[in-house]
Amino acid sequence: YEKFLAEKHFRHFQANLEQLIRQGETNAAVCEGLGILEIHRSRRSYEDKHSLAAQAKTLGAGDFVRLTGRSLIFTMFARRHLKVIVENGATLQLCLLDPVIRNSPLSYLSGYSVEETEFAIHRFVTAIKPWLETLKPKGDVEVRFHSVHLLDSLLEIRRANQYVVGWDLNFGEGIEERQIFHLNGYGPLGRNLTEGRYNLIWDRSEVQLKYHAGKLEIDKLSTQMPPTIAVKPGTG
């Protein structure tokens, strides 16, 4: 009787285990098919593996980095890494929400404040623009303003043989209230995000600054945008 019970329980356990394994294999296959390389539960987890600082060092002439979001203030706190990208000869493109847009629903949906954008712009025009004009690094820089109330943001890094995308889903202030998908930019989900959404946002955005071949070709960014409040990095 005890042997019968043991065999019965083992068959039940084995059936459940096989079902779990099949589900895991199915989920893995779906992720692979969509081009999902990794899923991170927080910005901190993503940065530990794919920090902009580490990736900036490996970029060079012909490579491309584009960041599209709301204020990009988290990026501006790491502006020295942006400089490395341009110093190495890569193209850096930044696209953020136009600060003339007020009373955005993002204020209650994700904790966004227009002052964050103003702060980020102030950081750029006081720390990066003078550096471009003085040292004339060999890369290219372009800054644009979009008018889309984005609940997510996208980091694109394209090299000659690799295209990776960081899709950041933001659910609140700070760097913890996020889930980030690390994607193959050539995969189905990566193409939907880039070609189907973020390229459209970029194409319809307005150029504010363009640096090319050692000179500023376009410069509409105002230096009269001092930060009006203290803000926490990671909200944009």
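Residues numbered from 1 in each chain as written. Predicted model: local features only at pLDDT ≥ 70, side-chain atom pairs only at ≥ 80, totals over all residues. Heavy atoms only, no water.

### With respect to the packing of aromatic side chains
Now for step 1: All told, the structure shown has 3 aromatic pairs when counted by the stated rule.
Now for step 2: For the pair Phe 77 and Phe 119, a centre-to-centre distance of 5.8 Å together with 20° between the ring planes defines the contact as stacked. You can see Phe 77 sitting in the loop between helix H4 (73-76) and helix H5 (79-87) and its partner Phe 119 sitting in helix H7 (residues 114-135), a full 42 residues away along the chain.
Now for step 3: Relative accessible area serves as the criterion here: at 29%, Phe 77 is assigned to the partly exposed category.
Now for step 4: Where Trp 167 meets Phe 181, the ring centres are 5.6 Å apart and the plane angle is 45°; that geometry is what we call tilted. Residue Trp 167 is found in strand S6 (residues 162-170), and its partner Phe 181 is found in strand S7 (residues 178-184); the two are separated by 14 residues along the sequence.
Now for step 5: On the basis of relative accessible area, Phe 181 is assigned to the buried category, the value being 17%.
Now for step 6: Positioned above the aromatic ring of Tyr 163, the side-chain terminus of Arg 158 is 4.4 Å from the ring centre. (Phe/Tyr/Trp six-rings, centres within 6.5 Å; stacked < 30°, edge-to-face > 60°. Helix = DSSP H or I, 4+ residues; strand = E, 2+ residues; numbered from the N terminus. Buried < 20%, exposed > 50% of the residue type's maximum accessible area, 1.4 Å probe, protein only. Lys NZ or Arg CZ within 6 Å of the ring centre and 35° of its normal.)

### Thoughts on the nonpolar core
Now for step 1: Counting residues in hydrophobic clusters, the biggest one holds 34 residues, and the most contacted among them are Leu 82, Ile 85, Leu 94 and Phe 124.
Now for step 2: Take this core: its biggest share by element is 8 residues, from H7.
Now for step 3: Filtering out sequence-adjacent residues up to four positions away, Phe 124 remains in contact with Met 76, Leu 94, Lys 129, Pro 130, Val 141, Val 143, Leu 209 and Leu 221. (Core = buried A, V, L, I, M, F, W, Y, C linked by side-chain atoms within 4.5 Å. Contact = heavy atoms within 4.5 Å.)

### Some remarks on helix H8 (residues 188-203)
Now for step 1: Taking 1.5 Å per residue as the helical rise, H8 with its 16 residues ought to reach 22 Å, and the 21 Å between its terminal C-alpha atoms agrees with that figure.
Now for step 2: For H8, the principal kink sits at Thr 194 and spans about 30°.
Now for step 3: Taken together, the buried positions of H8 are occupied by Leu 189, Gly 190, Leu 193, Thr 194, Tyr 198, Ile 201 and Trp 202. (Expected span 1.5 Å × (residues − 1). Bend = angle between axes of the 7 residues up to and from the residue.)

### Focus on the packing of H5 against H7
Now for step 1: Running from amino to carboxyl end, H5 crosses H7 at an angle of 25°, the nearest separation of the two axes being 11 Å. Between H5 and H7, the interaxial angle falls into the category roughly parallel. Between H5 and H7 the crossing geometry is right-handed. In contact with Arg 79, Leu 82, Lys 83, Val 86 and Glu 87 of H5, H7 contributes Arg 123, Ala 127, Ile 128, Trp 131 and Leu 132.
Now for step 2: Residues belonging to the contact of H5 with H7 are distributed by class as follows: 6 nonpolar, no polar and 4 charged. (Axes fitted to C-alpha atoms, helices over the stretch in contact; angles between N-to-C directions. Parallel < 35°, antiparallel > 145°, perpendicular 65-115°, else oblique. Left-handed = near helix turned anticlockwise from the far one by under 90°. Nonpolar A, V, L, I, M, F, W, Y, C, P; charged D, E, K, R; others polar.)

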